[in-house]
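# Fold and contact review
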Amino acid sequence: MFFTGSPENFLEIRSELLKLGFKEKTLTQFRNDFARLDFHPSSNREYDGREVGFYYSLPHGWSVFIWTSYLSHLKRFRKNDAGRALILDRDRILYSVKINRGRNFVRNLIVNAWILQVRVNERPICCACEKYMNIATKKTGAHYFVCVNPAKHEKSVSKDWDFNFKGVDGGKHRPKALEFMELRRTLRVLSRKNNRKKGYDVGGKRFQPRWEIRKLENRLN
Ligand SMILES: [Zn+2]
């Protein structure tokens, strides 16, 4: 079922994100970002204005970015769109989750914002060289934390992507978050299977930017 949403739904998202410590992006920030990144509206998308975004930044350079797909100037959610939760290293996208506009959209968006905030707040430090670790992706699309520092250790050091939820490697145990992620993964597998049966394209879950990113180094690849 597609979630059309109401201004009240947006206010709930806004209030929960502000409670978590997120800030709403201002018009000036949008303009500065787009100028700095050399963003241009994608030619294959109809442009219906700026959607509301929230961010949460830390001094180590990582931030969480939430795209709500809500158009405040029209007081409605964008038609046929999804929400996004991203981890960025300054301008570069390190990780992205698409939040489909289904029945549980509001809750999924808020919980994903919180999960990504935990990952950023508790960014791991390498046990061998004490530098901040980075995010890497396996061929399967699964993520993990890694430190590659040949000056200090010959072999790269890695950590489980969910260590701050599983209670391993010095992370906290957060069973409810694990349950939520497990359910999300199961649903994703099921819907892929279902789509494949129907003959739909079930290719990657890559971030499809609304903007054409002309600076190559800022693209997610
Ligand atoms: Zn290291």
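Please refer to the structure higher up on the page.
Summarised in this report is the structure supplied together with it. (Residues numbered from 1 in each chain as written. Predicted model: local features only at pLDDT ≥ 70, side-chain atom pairs only at ≥ 80, totals over all residues.)

### Let's talk about the overall build of the protein chain
Regarding its fold elements, the protein chain presents five helices and 12 strands. A separation of at least 24 residues holds for 48% of the contacts in the protein chain among residues at least 6 apart in sequence. (Helix = DSSP H or I, 4+ residues; strand = E, 2+ residues; numbered from the N terminus. Contact = placed C-beta atoms within 7 Å.)

### Points about helix α2 (residues 27-37)
Burial analysis of α2 places just zero of its 11 residues in the buried class, a small minority of the element. Positive phi shows up at D38, right after α2, with a value of about 60°. (Buried ≥ 20, exposed ≤ 12 C-beta atoms within 10 Å, placed from the backbone.)

### Quick look at the sheet that holds strand β4 (residues 62-67)
Through backbone hydrogen bonds, the strands of a sheet pair up, either in parallel or in antiparallel fashion. Ordered in space as β1-β3-β4-β7-β8, the five strands form an open sheet in which the pairing is antiparallel. Looking at the sheet topology across the chains shown, the edges are occupied by β1 (23-24) and β8 (92-99). Pairing geometry for β1 and strand β3 (residues 53-57), over two bridges, is antiparallel. Bridged to E24 within β3 is F54. (Pairing = 2+ DSSP bridges.)

### Concerning the pairing of β3
Bridge analysis of β3 against β4 gives five bridges, and the strand direction is antiparallel. Directly across from Y56, in β4, lies its bridge partner V64. Between β3 and β4, which pair antiparallel in sequence order, lie four residues; one of them, G61, sits at a positive phi of approximately 105°.

### Re the sheet that holds strand β11 (residues 157-160)
Within the open sheet, the three strands sit side by side as β9-β10-β11. Their pairing is antiparallel. The open sheet terminates on both sides in strands that have one partner only, identified here as β9 (134-137) and β11. Neighbour-to-neighbour, the strand axes of the sheet open up by a mean angle of 40°, direction not taken into account. Pairing geometry for strand β10 (residues 143-147) and β11, over four bridges, is antiparallel. Directly across from F145, in β11, lies its bridge partner K159. (Axes fitted to C-alpha atoms, helices over the stretch in contact; angles between N-to-C directions.)

### Details of the nonpolar core
Generally speaking, nonpolar side chains in soluble globular proteins are found buried as a group. Core analysis: the largest hydrophobic core is formed by 26 residues, its most contacted members being V64, I66, L109 and A113. Counting residues per element, the ones that place at least two in this core are α1 (7-20), β4, β7 (83-89), β8 and α3 (105-121). Here the element with the most residues in this core is α3; it accounts for eight residues. Those residues within four positions of V64 in sequence are excluded, and the remaining contacts are Y55, Y56, A85, L86, I87, A113, L116, Q117 and V120. (Core = buried A, V, L, I, M, F, W, Y, C linked by C-beta atoms within 7 Å.)

### Some details on unusual backbone geometry
Backbone geometry places K75, a non-glycine residue, at a positive phi of 55°. Within the secondary structure layout, K75 lies in the loop between β5 (70-71) and β6 (76-77). Positive phi outside glycine occurs at R90, with the angle close to 55°. Among the structural elements, R90 can be located in the loop between β7 and β8.

### Points about α3
Since the α-helix advances by 3.6 residues per turn, residues separated by three or four positions end up pointing in the same direction. Counted at 1.5 Å a residue, the expected span for α3 with its 17 residues is 24 Å, and the 24 Å between its end C-alpha atoms agrees. The buried fraction of α3 amounts to 12 of the 17 residues, a majority that puts the element mostly inside the structure. (Expected span 1.5 Å × (residues − 1).)

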